[in-house]
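Here are the chains, one letter per residue:
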Number of protein chains: 2
Amino acid sequence: MTLSARPTLSQVADLAGVSVASVSRVLNGLPASREMTTRVRAAVDSLGYTPDARARSLKVGRTEQLVLVVPDVGNPVYTGLMRAVAAVVKDAGYRLLLSTGNSEVAEEIAILDGLSSGYADGVIISPLRMTEPILQALQRLRHPAVVIGTPPAAVPLDAVQADSAAGVQLAMQHLVDTDRHRIAFVNGPVDTVPGTARQRGFDRADERLLAGAGRRYAAAAFTVDAGRDIAERVLDDRPDAVLCANDLLAFGVMRVAHSRGIRVPDDLAVVGIDDTDLAAVVSPGLTSVNLGSGERGAAAARLLLARIADPDRPAERVVVDPWLTVRESSTPAREGDR
Amino acid sequence: MTLSARPTLSQVADLAGVSVASVSRVLNGLPASREMTTRVRAAVDSLGYTPDARARSLKVGRTEQLVLVVPDVGNPVYTGLMRAVAAVVKDAGYRLLLSTGNSEVAEEIAILDGLSSGYADGVIISPLRMTEPILQALQRLRHPAVVIGTPPAAVPLDAVQADSAAGVQLAMQHLVDTDRHRIAFVNGPVDTVPGTARQRGFDRADERLLAGAGRRYAAAAFTVDAGRDIAERVLDDRPDAVLCANDLLAFGVMRVAHSRGIRVPDDLAVVGIDDTDLAAVVSPGLTSVNLGSGERGAAAARLLLARIADPDRPAERVVVDPWLTVRESSTPAREGDR
DNA sequence: AACGTTCTTGTAAACGACTACAGCGGCAAG
DNA sequence: CTTGCCGCTGTAGTCGTTTACAAGAACGTT
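Let me sum up the structure you'll find in this document. Here the structure is a predicted model, which means the values were calculated and not measured.

With that settled, consider the protein's contact with DNA strand D. Near DNA strand D lie 24 residues; those nearest to it are S22(A), S33(A), L9(B), Y49(B) and R56(B). Taking all atoms of DNA strand D within 4 Å of the protein, the share assigned to sugar and phosphate is 59%. Between DNA strand D and R25(A) there is a distance of 2.9 Å, counted from a base nitrogen to a side-chain nitrogen or oxygen. In this structure, a phosphate oxygen belonging to DNA strand D sits 3.2 Å away from a main-chain N or O atom of D52(B). Counting residues per element, the ones that place at least two in the surface near DNA strand D are α2 (20-27) and α4 (53-60) of chain A together with α2 (20-27) and α4 (53-60) of chain B. Looking at the surface near DNA strand D residue by residue, the class counts come to twelve nonpolar, seven polar and five charged.

So, on to the protein's contact with DNA strand C. Within the structure, DNA strand C sits among 23 residues, and L9(A), Y49(A), S22(B), R25(B) and S33(B) are positioned closest to it. Backbone sugar and phosphate groups make up 61% of those atoms of DNA strand C lying within 4 Å of the protein. L9(A) places a polar main-chain atom, nitrogen or oxygen, 2.4 Å from a phosphate oxygen of DNA strand C. One of the side-chain nitrogen or oxygen atoms of R25(B) is found 2.8 Å away from a base nitrogen of DNA strand C. Looking at the surface near DNA strand C, the element that brings in the most residues is α4(A), giving five residues. Class assignment of the residues belonging to the surface near DNA strand C gives a composition of twelve nonpolar, six polar and five charged.

Moving on, we get to the nonpolar core. The biggest cluster of nonpolar side chains holds 96 residues, and the ones touching the most others in it are L243(A), F251(A) and L243(B). Excluding residues within four positions of it along the chain, F251(A) makes contact with V224(A), T276(A), L278(A), A279(A), V282(A), L286(A) and V281(B). V88(A), L128(A), Y78(B) and I124(B) belong to the second-largest nonpolar core, a separate cluster that totals 57 residues.

All right, on to the pattern of salt bridges then. Here the structure, examined in full by the defined rule, presents 42 salt bridges over all chains. R54(A) is paired through a salt bridge with D52(A); the nearest N and O atoms lie 3.0 Å apart. Across the pair, D52(A) and R54(A) agree in class, each one buried. The partner of D72(B) in a salt bridge is R83(A), with the nearest N and O atoms 2.8 Å apart. Taken together, the residues D72(B) in the loop between β1 (65-70) and α5 (76-91) and R83(A) in helix α5 (residues 76-91) connect one chain to another. A relative accessible area of 18% means that D72(B) is categorised as buried.

A few words on empty space enclosed by the protein. With the rule as written, the count across this model stands at three cavities of 30 Å³ or more. When its volume is computed, the largest cavity comes out at roughly 80 Å³. Lining the largest cavity are G74(A), N75(A), P76(A), T79(A), D277(A), L278(A), G74(B), P76(B), T79(B), D277(B) and L278(B). Sorting the residues of the lining of the largest cavity by element identifies α5 of chain A together with α5 of chain B as the ones contributing at least two each. Here the residues of the lining of the largest cavity are counted per class, giving four nonpolar, five polar and two charged.

So, how was this worked out
Residues numbered from 1 in each chain as written. Chains lettered and ligands numbered in written order. Predicted model: local features only at pLDDT ≥ 70, side-chain atom pairs only at ≥ 80, totals over all residues. Heavy atoms only, no water. Near = heavy atom within 4 Å. Polar contact = N/O pair within 3.5 Å; in protein donor to acceptor, adjacent residues only side chain to side chain. Helix = DSSP H or I, 4+ residues; strand = E, 2+ residues; numbered from the N terminus. Nonpolar A, V, L, I, M, F, W, Y, C, P; charged D, E, K, R; others polar. Core = buried A, V, L, I, M, F, W, Y, C linked by side-chain atoms within 4.5 Å. Buried < 20%, exposed > 50% of the residue type's maximum accessible area, 1.4 Å probe, protein only. Contact = heavy atoms within 4.5 Å. Salt bridge = Lys/Arg side-chain N within 4 Å of Asp/Glu carboxyl O. 1 Å grid on protein atoms, 1.4 Å probe; cavity = no way out; pocket = protein on both sides within 12 Å on 5 of 7 lines; lining within 4 Å. Points joined across faces, edges and corners; volume = space filled by probe spheres on them.

Structure follows, in C-alpha cells:
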C-alpha cells in the first residue's frame, strides 16, 4: 500500500510518448497543441498521476503552506480566529499548519526560528505576550509574517489589532446606561497583551463615566478557575456589575454568584470580553464585547497573502472595531423584583 | 528581507573548505573526525545555516508533517482531540496540518485524495459520517491513515473508537441511581457516526434499566440551537431527567429549562455527552459522559506514528473507555425542596 | 616492504518537477 | 527557392539535500 511507488512526471511522459517538459507544460496550462494536451491528459488519468508537492516546492521555492501560531489550540478565545484563518487560507489554495506555543514564549520563538527551514511560506502569530525576544524573532524572520496584537509602533510589521479600549468603553457605557454604577473590573495578568490593553481601556472609561470610582481586581490567569478564585473577593465588595477581561473569567464569576445565590442579572450584571461561542451557550447568556476575532483572523490572513504577493509593500496595520453583544446577563433588573 | 537568499549546504562547504557530503554527514550525526566537526559547526554558525526542509523532504521522501482532519475546527467537541493530537505529534518531531472538511463529505474526500501529492506523511481523520465514499477514499490512500470512529469491522484500518454504548449506560445508571425514572433521550441526527452509536447505546440501556420506558427525540443537529428547538417538545412531556447525545444539545435544553423556570437539577437532571470544556464552565456545571476524546486523539496519533514506523504491521483498533464526570446538573434533588 | 584493515573524505548521481534554450517544421513574404 | 518568423517540442540544467561508491590516508601485520 504505502510501498507502491507513485507515478512520476517522466512515467507519464513515457506513456504519452512525449517529453517531460511537455507534460509539465500541459499540466501548468502553458501553450500546447490540442493533440499534445489530449495525449498527456489521457496518460495522466490512466496512471492516476498527481504532481509531487515536495519536488514542486523545492523547484518553485514555495510550499503553499502557512502557519498559524496560537498560545492554545483548545482555548475558545482562539477558535473564532482559527476558523476564520482556516477559511481564508484554504480559499487562497494554501494549507494551514497549526502550531501551538503552549503559552510559552520560548516555544513561540522556536516556531518562528524553525520557519527558516522554509517549510512554510509565511506565518500568522498571536503571541500571548509581546516581549522583546518575540519581536526580535519576528524581525530576523526571513518570511512574511503578520502579528495579531499590538507591536510597538516603531516596528515595521504587518499587524491586526483589536481596539480593546473601545470595547471596554462600549461595555461600560452599556452598564451605566442600564443603571449600574458600582462596577468592578476583573482583569487577568497585566503583563500580557490583552491584560495591558484592557486595563488601559478600563482606566479611561472609569475616569470618564464613573469619575474613577470603579474597583480593579487582577486574576492570576485568564481562566475560569482564576475567575472563581478572585470572585470571592470581588463579590464581597458588593458591586452591581462586574466587567471581566475575558469570558472565561466571567464564567468563573457567574459560578460563584450562582452558588452564593446572587441572581444574574437581577442582582448583578456580568459582562465578558471576547464573545466566545460559550457566551451564547451558558444560562443566562453572557453579554460580551466582541473584539472581532473572526474579522481579525480573516484580516491577518489577507494581509499575509498580500505580503507574499508583494514582499515590498509597506507594513500595514489593521484595526478591527469591537461591538457589544447584549445577552441576558446584563439586561436591566426586572421590574417588580427586589 | 524576504529577498536575501538563504545559505545552502554548498556555501557552508565552501566556507569550511570541505565537501558538501561532509557537511551533510556532520549535520546528520554520521561519523566524522573531530576536526571536521568543529570546522563545519563553525561555518554553519557563522552563516546561520538551516537545512532546507523542502529539499530534504524531496530527497528523503518524508515531510515530517501529519494531517488532522476534523469537521469543524471551532467546535468544542474537537478541541480536546486537537490538543492531544497536537501534543503527541509535536513531541514526535512532526508538524501538524489542520484541515477542516467543513462538515462536508466531499471536502473530506478531497483532502484525503489531495494527500497523494505527498505533502504529508500520514493523516488522522475524524469523519462526521462514515460513508462508503469516505471508506473508499481511505482505502485508495497510499499513505498511513488512522480513523477516529468506527469503520466496518471488515475494513482493515487503524482506528480509535469511543465506547458510546458504555458511556450512555454509565449515564443512565447514574440517573437511575439518583432516582430519576422519567428519562428522555435527546439525540442528534441518527445518520451520523455519533448519532447511531449513541442511539444504540440508549436503546440497550433503556431496555435494561427502564424496561423500554424511555422517550426518544431527535434534534436536527448536534448544536445548541437544535437542542433549544427540540427542548420545547421534550419538556412538554415533563421528564425528570434528560440525557443528551452531546453537550451542546444539553446546553440548549438547559436554556429552555431556565427560561421556563424549571430548576436544574432540582426539577430536572441534565446529562450531556463529550464532557467538553464548556461543561465545567456553565452554571450549574453539566454532568457529562467523557468519551475520552483526549485519550483517543493521543492514541490515534500514536497509532499513526507506529504505522509510519512499520507500514506492514496489522491494522489495530483501540477502544477507549468512557467515564462519567458528575457535576451539579444531575446531583440529587435537594432535601427539603419541593 | 608489501599488504590488508579501518577510518575519513570527496565525487557524483540521485530525488521529481520546472524552465531556459535550442531545434524543428511550416508558412508567408520576397 | 531563399529567408525569416512563429509556434511547438525536446534536451538538459537546476533547485538543495542525501548517499552509494571509491579514493586516499593511516596504521598494524607479516
